[in-house]
Amino acid sequence: MIRIGFKLNEYKTKARSNLLSEIGVKLIGKKATEPETVFGRLKWNWSFKRFLLRGLKKVKIEWSLLSIAHNIVKLATI
């Protein structure tokens, strides 16, 4: 049996219209650049390719330290 989700189609249509609006286009452009600069800095400038520690708790701590370092550098260069 095949079911058609009409509500899903409504959501998709609304999301598409939001993304194609003037504000949506500006937000999409901003979204593409902001995270890429952070990960680019971590991967290429700081040579961070993989986590050194294992386990979710330790990885969260390592990621937090990287985030703090990134924010400090960001504040220092403003």
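Below or above, wherever it landed, is the structure these notes cover. (Residues numbered from 1 in each chain as written. Predicted model: local features only at pLDDT ≥ 70, side-chain atom pairs only at ≥ 80, totals over all residues. Heavy atoms only, no water.)

1. Side note on the pattern of salt bridges
Per the stated rule, a full pass over the model turns up 2 salt bridges. A salt bridge links glutamate 10 to lysine 7, with the shortest nitrogen-to-oxygen separation between them at 3.8 Å. Of this pair, glutamate 10 and lysine 7 are both found in helix 1 (residues 6–20), 3 residues apart, which corresponds to roughly one turn of the helix. For lysine 26, the salt bridge goes to glutamate 22, with nearest N and O atoms at 4.0 Å. Of the two residues, lysine 26 and glutamate 22 are both situated in helix 2 (residues 22–45); the distance of 4 residues between them amounts to about one turn of the helix. Glutamate 22 sits in the exposed class, given a relative accessible area of 63%. (Salt bridge = Lys/Arg side-chain N within 4 Å of Asp/Glu carboxyl O. Helix = DSSP H or I, 4+ residues; strand = E, 2+ residues; numbered from the N terminus. Buried < 20%, exposed > 50% of the residue type's maximum accessible area, 1.4 Å probe, protein only.)

2. Notes on the side chain of glutamate 62
Within the secondary structure layout, glutamate 62 lies in helix 3 (residues 56–76). Buried charged residue glutamate 62 carries no salt bridge. Nearest counter-charge: arginine 54, at 6.4 Å. Within the local environment of glutamate 62, its side chain forms a polar contact with the backbone nitrogen of leucine 53, the two atoms lying 3.2 Å apart. (Lys, Arg positive; Asp, Glu negative; His and termini not counted. Polar contact = N/O pair within 3.5 Å; in protein donor to acceptor, adjacent residues only side chain to side chain.)

3. Topic: helix 3
Taking 1.5 Å of rise per residue, 21 residues should cover 30 Å, and helix 3 covers 30 Å from first to last C-alpha, within 8% of that figure. Among the residues of helix 3, those classed as buried are Glu62, Leu66 and His70. For helix 3, the angular spread of the buried residues around the axis is 75°, confining them to a single face. In helix 3, the exposed positions angled more than 90 degrees off the buried face are occupied by Lys57, Lys60, Leu65, Ile72, Leu75 and Ala76. (Expected span 1.5 Å × (residues − 1). Arc of directions from axis to C-beta.)

Remember that the coordinates give geometry; whether it matters functionally is a separate question.
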